[in-house]
Amino acid sequence: EKRKISRFGIITLLNAAAIVLFFLILRVVPPVGGTEVAVLSDSLNAQWANTKAALQKGDRLVTGDSMTLNRGLVELVFDTGAKVVLEAPAEFKILADDRIGLTYGKVYATVPERAIGFSVYTPIAKIIDMGTEFGVKADLGGDTQLHVLEGKTVLMVGQNENVVNLDVEMGQAKKVSASTQSVTEIPLHENFFVRALN
């Protein structure tokens, strides 16, 4: 006797395979436009240069988009708990849920214990938080300043085998030269950064 295959069974099998394939694609392929990892928690006189619409308090921010703040101040809170205040003029990009890239401008980070490891990348340096509060200023020419007001950070300068790691602790400030990649001690300025918006 020949076995008959039901048309309903074939359709059911094809539908199940299509559903499994759809969920596999969702898991493997990252969403277009990045992943939501932070929220714009507050702003003061913010004027944006390159966003499709002006960002408002409560808007979710995604990884990968480069943003330029022409005027004002904004406060971002990452899902990990890290909080940053950016001062215009500034160009930045959210790189992940625990890091932000600063092309130029000023950023002040407040990092709770659960978000230790939060990092700020500039064109010539990387600052890794070790549970602290610190400010970073990146000039248009590439020079970077790091001011540590509480706790401790690790400052990384250079590339590949020539990377230099420096511990920068509370009360210390360093400047990295874009042209020479040299690190020098500078005076700490406690009032150089806006730390919070009220």
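For the structure itself, look to the data block above.
Cut-off values and rules
Residues numbered from 1 in each chain as written. Predicted model: local features only at pLDDT ≥ 70, side-chain atom pairs only at ≥ 80, totals over all residues. Heavy atoms only, no water. Helix = DSSP H or I, 4+ residues; strand = E, 2+ residues; numbered from the N terminus. Buried < 20%, exposed > 50% of the residue type's maximum accessible area, 1.4 Å probe, protein only. Contact = heavy atoms within 4.5 Å. Areas by Shrake-Rupley, 256 points an atom, 1.4 Å probe, with all protein chains shown as cover. Polar contact = N/O pair within 3.5 Å; in protein donor to acceptor, adjacent residues only side chain to side chain. Core = buried A, V, L, I, M, F, W, Y, C linked by side-chain atoms within 4.5 Å. Phe/Tyr/Trp six-rings, centres within 6.5 Å; stacked < 30°, edge-to-face > 60°. Lys NZ or Arg CZ within 6 Å of the ring centre and 35° of its normal. Salt bridge = Lys/Arg side-chain N within 4 Å of Asp/Glu carboxyl O.

A. Main features of the overall build of the protein. The number of helices and strands found in the protein is one helix and 13 strands. Tracing the protein from N to C terminus, the helices and strands come up as α-β-β-β-β-β-β-β-β-β-β-β-β-β. The buried share of the protein, taken over its 198 residues, is 37%. For the protein, restricting intrachain contacts to residue pairs at least 6 apart in sequence, the fraction spanning at least 24 positions comes to 44%. Summing over all exposed atoms, the protein offers an accessible surface of approximately 11,700 Å²; the carbon and sulfur share of this is 54%.

B. The arrangement of the side chain of K106 in detail. Positionally, K106 belongs in strand 5 (residues 99–110). Within the structure, the side chain of K106 is placed 2.6 Å from the backbone oxygen of F192, a separation counted as a polar contact. Setting aside chain neighbours within four positions, we find K106 in contact with V85, L86, E87, V136, K137, F192 and F193.

C. Structural context of the nonpolar core. Ranked by internal contacts, the top residues of the largest apolar core, which has 36 residues, are L76, V84, L86, I100, F118 and F134. For this core, the secondary structure elements donating two or more residues are strand 1 (36–48), strand 3 (66–78), strand 4 (83–96), strand 5, strand 7 (125–129), strand 8 (133–138), strand 9 (144–150) and strand 10 (152–157). For this core, the leading source of residues is strand 3, giving five residues. Apart from the residues within four sequence positions on either side, F134 is in contact with V107, Y108, A109, V111, V120, I127, D129, L146, H147, V148, L149 and T153.

D. Just the packing of aromatic side chains, in detail. Tallied over the full model, the rule gives four aromatic pairs. Ring centres 5.0 Å apart and planes at 80° place the aromatic pair F192 and F193 in the edge-to-face group. F192 sits in the partly exposed class, given a relative accessible area of 24%. Feature note: the residues Y108, F192 and F193 constitute an aromatic cluster, connected by ring pairs. Cation over ring: K106 sits above F192, and NZ or CZ is 4.0 Å from the ring centre.

E. The arrangement of the side chain of T144 in detail. Relative to the helices and strands, T144 resides in strand 9. Among the polar contacts made by the side chain of T144, one reaches the main-chain carbonyl oxygen of G142 at a distance of 3.4 Å. Setting aside chain neighbours within four positions, we find T144 in contact with T122, I124, A125, I127, V136, K137, A138, K174, K175 and V176.

F. Layout of the pattern of salt bridges. Applying the stated criterion across every chain, the model contains nine salt bridges. Its salt-bridge partner being K83, residue E75 comes within 3.8 Å of it at the nearest N-O pair. Classification of E75 by relative accessible area gives buried; the value is 9%. By relative accessible area, which is 23% here, K83 ends up partly exposed.

G. A look at the environment of G142. Mapped onto the elements, G142 comes out in the loop between strand 8 and strand 9. Its relative accessible area of 8% is what places G142 among the buried residues. Linking G142 and A125, residues 17 residues apart in sequence, is a C-alpha distance of 9.4 Å.

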